[in-house]
Amino acid sequence: MDLSTLPRTELLREVTDLIALHAELIDDDQLEAWPDLFVEDCHYSVLPRENADRGLPVATIFCDSRGMLVDRIVSLRRANIFPVHHYRHIISTSRIHEVRSDAIVAHTNYLVLQTRNTGRSFVYNAGKYVDEIVFSSGKFLFRSKKAIFDTDLIDTLMVRPI
Amino acid sequence: MLNVQDTAVGKVSTDTEEPIGCRIPYSVFTDDAFYKAEQEHLFRGPTWNFVALEAEVPNPGDFKSTFIGDTPVVVTRDKDQSLHVVVNRCAHRGATVCRARQGNVPHLECVYHQWAYELNGDLMGVPFRRGIKGKGGMPADFDLKQHGLVKLRVEALNGLVFATFSQEVEPLTDYLGPLITKHVERIMCRPIKILGNQRQFIHGNWKLYAENTRDPYHASLLHLFHNTFGLYRSTQTGECLMDESKRHSFLYSKAGSNDAARDSEVYQDSRSFDTSFSLQDPSLLAGRSEFPDGITLVILALYPNLILQQISNTLAVRQIVTHGPDSFELVWTQFGYADDDAEMDAIRLKQSNLIGPAGMISMEDGEAVEIVQQAVSSDRKARSYIAMGGGGADDADHLVTEGAIIGFWQNYREMVGIEERVS
């Protein structure tokens, strides 16, 4: 399917749905389903704006395959020690930055609130998604997702995807 | 009778019904009195503090703003390539002079009243010094030379830049001692390139992290990833050694010494030794042998504010910045070598998943510090008990020791004092 022939409103609806589902799976702790929103040969990174702005490559989380996404989740469940917490994503309207025949590039602001067992919620991570979305096996999926975050003083640690 | 030595840090007498070992009152982690004393006597005292990698300020005019303890400082590269470190506080009325984290400037200038300083901190000029139309201005005897930024002593070792407020402290390599100097030089063996920063805010006292990084005992028990995938196990060939003063520690291990049969017997059903956990994408652990000595993990804890590490192919400095008795910031700066090829760049980038605030083998340390801070906060008379490895500040040719933690506390006692400050 040549995505550039589709109406913009339809593309925007698909983009919005996928990004909303991504947030909901994480917030609802359905993390095992989260890697399924990506193609096999994907790229996912959570990187400080400080590095992005300076052209430095280090990301806080860097995965270049769906297997690595799965490994992050298995590790969270079985290996890592961290404060009990929930996320709540607040997502802005997406803007379609570019439509190519095989991919949509969309920019979306996000806010992740975190709540630990003290019961207080705080802004844990504020940033911008730069997403490259493709139509693959009958579904819209992320080929690349970058969460470039402003909140570069990470509170305690980061175990859950953004 | 047991061999004893009557000191509150290190081995103590059984005659006093104290078990052998080191006990630290928890108020060192919670009381403001300790925090204020250590800012003055330790961070602004006779210690060399890490402030930058030279590669962060490569060109004339480059600057980096950072902190020693909680005192703001600026590191600058001068026109003649020399390095300077000055307190980031205008000599006039105390405003922050450099407000950006890093940049390049011909000179430093305070925005408040435009007092301008050379890159070495000398005051160049003051607006309206002679007044306007004969009115106002500074006193006639105002001397620019008397009003520069506070200058620190600076020394660099193979690309690591340190500064001190002290005029008395020995030169840097004497302060580090030959063992630590040698292993700093081992990692900083050729020009580096900066790969990026990560910053982590930990709700705990900075000294809990000083303990954590001198503690080979916890690493295979807290960090399942370390143990399960054999990156680090206490069964490995390795040592935990200190410099002569016991301020700094050098912890290393060799993953090549793993022995599946022996290790599974030692760890048995330990939570952190999970033989059923395998990676879907093991490329995370695919690296290159980089050092001929076979050492795959090095944690150099340099008193008081730096950790220099090599974990597999990750290279990084971790700088401790204090924010108060109950919080500190950890600034991770990852680097590679300037001559790394594209494949090595990719290895370091992928393995950076192991370290930092989201690191598979480091994130737990943030939680470990916080669960101590949360439990000790209200009980000021209670004390810890540190004795693994024999209870003294002793080197170990194994990884089942807390000797370097005791070495840290001996130095802290001498520099800041402990018992006399417990209220």
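Remember, predicted model here, so these are calculated numbers, not experimental data. (Residues numbered from 1 in each chain as written. Chains lettered and ligands numbered in written order. Predicted model: local features only at pLDDT ≥ 70, side-chain atom pairs only at ≥ 80, totals over all residues. Heavy atoms only, no water.)

Asker: In this structure, what is going on with the overall build of chain B? I would like to understand it.
Answerer: The helix and strand tally for chain B stands at 9 helices and 17 strands. Here the C-alpha atoms of chain B give a radius of gyration of 23 Å, agreeing with the 22 Å that 2.2 N^0.38 yields for 423 residues. Viewed in the frame of its principal axes, chain B has a C-alpha envelope of about 85 × 60 × 35 Å. Looking at chain B as a whole, 58% of its 423 residues qualify as buried. Across chain B, contacts joining residues at least 24 apart in sequence account for 65% of those joining residues at least 6 apart. For chain B, the accessible surface area stands at approximately 16,900 Å², while carbon and sulfur atoms represent 51% of it. Side chains of chain B give 40 positive and 56 negative charges; the mean places of these two sets differ by 8 Å. (Helix = DSSP H or I, 4+ residues; strand = E, 2+ residues; numbered from the N terminus. Rg over C-alpha atoms; globule rule 2.2 N^0.38 Å. Buried < 20%, exposed > 50% of the residue type's maximum accessible area, 1.4 Å probe, protein only. Contact = heavy atoms within 4.5 Å. Areas by Shrake-Rupley, 256 points an atom, 1.4 Å probe, with all protein chains shown as cover. Lys, Arg positive; Asp, Glu negative; His and termini not counted. Charge placed at Lys NZ, Arg CZ, Asp CG, Glu CD.)

Asker: What exactly am I supposed to notice about the overall build of chain A here?
Answerer: Within chain A one finds 3 helices and 8 strands. Moving toward the C terminus, one meets the helices and strands of chain A in the order α-β-α-β-α-β-β-β-β-β-β. In terms of overall size, chain A behaves like a compact globule, its C-alpha atoms giving a radius of gyration of 16 Å where 162 residues would be expected to give roughly 15 Å. Counting only C-alpha atoms, chain A reaches 50 × 30 × 30 Å along its principal axes. Counting the 162 residues in chain A, one finds 54% classified as buried.

Asker: Is there a simple way to explain the interface of chain B and chain A in this structure?
Answerer: When the parts of a complex come together, some accessible area is lost, and that lost area is often taken as the interface size. Contact residues are listed per partner, giving 38 residues for chain B and 35 residues for chain A. Each partner contributes to the roughly 3,300 Å² buried at the junction of chain B and chain A, and carbon and sulfur atoms together form 53% of this total. The shortest N-O distance in the salt bridge between Glu50 of chain A and Arg101 of chain B comes to 3.5 Å. Connecting chain B to chain A are 24 residue pairs in polar contact (both at pLDDT 80 or more). Contributions of two or more residues to the side of chain B that touches chain A are made by strand 11 (192-202), helix 5 (224-228), strand 17 (327-337), helix 7 (342-351) and helix 8 (363-376) of chain B. At 9 residues, strand 11 of chain B tops the list of elements feeding residues into the side of chain B that touches chain A. Counted by class, the side of chain B that touches chain A contains 15 nonpolar, 13 polar and 10 charged residues. Where strand 8 (residues 153-155) of chain A lies against strand 11 of chain B, 3 bridges are found, and the strand directions are parallel. (Buried area = accessible area lost by both parts, 1.4 Å probe. Salt bridge = Lys/Arg side-chain N within 4 Å of Asp/Glu carboxyl O. Polar contact = N/O pair within 3.5 Å; in protein donor to acceptor, adjacent residues only side chain to side chain. Nonpolar A, V, L, I, M, F, W, Y, C, P; charged D, E, K, R; others polar. Pairing = 2+ DSSP bridges.)

Asker: Looking at this model, I keep getting lost on the pairing of strand 1 (residues 38-48) of chain A. Mind explaining?
Answerer: Looking along a regular strand, one sees side chains alternate from face to face of the sheet. Residues and elements named next belong to chain A. Among the 11 residues in strand 1, 8 count as buried, and that is most of the element. Note: strand 1 against strand 7 (residues 139-149), 7 bridges, orientation parallel. By the bridge assignment for strand 7, Pro48 is matched with Phe149. In this sheet, strand 2 (residues 61-63) lies alongside strand 1 in antiparallel orientation, the contact comprising 3 bridges. Each residue of the ladder has a partner; that of Val46, found in strand 2, is Ile61.

Asker: What am I meant to see in the sheet that holds strand 4 (residues 83-87) of chain B here?
Answerer: Hydrogen bonds between backbone atoms are what pair the strands of a sheet, whose relative direction is either parallel or antiparallel. Residues and elements named next belong to chain B. Strand order across the open sheet formed by 4 strands is 4-3-2-5, with antiparallel pairing between neighbours. Pairing within the sheet leaves two strands with one partner each, and these edge strands are strand 4 and strand 5 (102-104). For this sheet the average axis-to-axis angle between neighbouring strands, irrespective of direction, equals 25°. Examined bridge by bridge, strand 2 (residues 62-68) and strand 5 share 3 bridges and lie antiparallel to one another. The residue bridging Asp62 from the neighbouring strand is Asn104, located in strand 5. (Axes fitted to C-alpha atoms, helices over the stretch in contact; angles between N-to-C directions.)

Asker: Honestly, the sheet that holds strand 8 (residues 123-125) of chain B in this entry has me stumped. Any pointers?
Answerer: Residues and elements named next belong to chain B. An order of 6-7-8 is seen for the 3 strands of this open sheet, with the pairing classed as antiparallel. The open sheet terminates on both sides in strands that have one partner only, identified here as strand 6 (108-109) and strand 8. As defined by bridge partners, strand 7 (residues 116-117) adjoins strand 8 across 2 bridges and the pair is classed as antiparallel. By the bridge assignment, Ala116 is partnered in strand 8 with Gly125.

Asker: It is not clear to me how the packing of aromatic side chains should be interpreted in this structure. Could you clarify?
Answerer: One pair of aromatic rings is described through two measures. These are the centre distance and the angle between the planes. Residues and elements named next belong to chain B. All told, the structure shown has 23 aromatic pairs over all chains when counted by the stated rule. Relative to Tyr412, the ring of Phe408 has its centre 6.2 Å away and its plane inclined at 25°; by these criteria the two rings are stacked. On the criterion of helical spacing, the pair formed by Phe408 and Tyr412 is a turn pair, its members being 4 residues apart in helix 9 (residues 403-415). For Phe408, a relative accessible area of 0% puts it in the buried group. (Phe/Tyr/Trp six-rings, centres within 6.5 Å; stacked < 30°, edge-to-face > 60°.)

Asker: What is the right way to look at the confidence of the model for chain B in this model?
Answerer: For residues with low pLDDT, the predicted coordinates do not support detailed interpretation. Summarising the model, chain B shows a mean pLDDT of 93, and 95% of its residues fall at 70 or more. Taken over the whole predicted complex, pTM reads 0.95, whereas the ipTM for its chain interfaces reads 0.96. (pLDDT = per-residue confidence, 0-100.)

Asker: When you look at unusual backbone geometry in this model, what are you seeing that I'm missing?
Answerer: Phi is mostly negative for residues that are not glycine, and the peptide bonds are mostly trans. Cis geometry is found at the peptide bond from Tyr303 of chain B to Pro304 of chain B, where omega equals 5°. Mapped onto the secondary structure, Pro304 of chain B falls in the loop between strand 14 (297-302) and strand 15 (306-311).

Asker: Would you mind showing me how to read the nonpolar core here?
Answerer: Soluble globular proteins: nonpolar side chains tend toward being buried together. Counting residues in hydrophobic clusters, the biggest one holds 143 residues, and the most contacted among them are Ile162 of chain A together with Leu160, Trp409 and Tyr412 of chain B. In terms of residues, this core owes the most to one element, helix 9 of chain B, which gives 7 residues. Those residues in contact with Tyr412 of chain B that lie beyond four places of it in its chain are Phe34, Glu38, Leu42, Trp206, Lys207, Tyr303, Gly417 and Ile418 of chain B. (Core = buried A, V, L, I, M, F, W, Y, C linked by side-chain atoms within 4.5 Å.)

Asker: Just to check I follow, could you spell out the pattern of salt bridges for this structure?
Answerer: Any two side chains of opposite charge can pair, on the condition that their charged atoms come close. Inspection of every chain in the model, using the stated rule, returns 35 salt bridges over all chains. Of the charged contacts in the structure, one is a salt bridge between Asp340 of chain B and Arg348 of chain B, with a shortest N-O distance of 2.7 Å. Note on accessibility: Asp340 of chain B and Arg348 of chain B belong to one class, buried. Salt bridges sharing common partners tie together Glu50 and Asp152 of chain A together with Arg101, Arg199 and Glu329 of chain B.

Asker: Would you explain the side chain of Ser272 of chain B in this entry?
Answerer: Residue and element names in this part refer to chain B. With respect to the helices and strands, Ser272 occurs in the loop between helix 6 (260-267) and strand 14. Note on Ser272: relative accessible area 0%, which makes it buried. Of the polar contacts made by the side chain of Ser272, one reaches the side chain of Asn227; its length is 3.2 Å. Not counting chain neighbours up to four residues away, the residues in contact with Ser272 comprise Ser220, Leu221, Leu224, Asn227 and Thr228.

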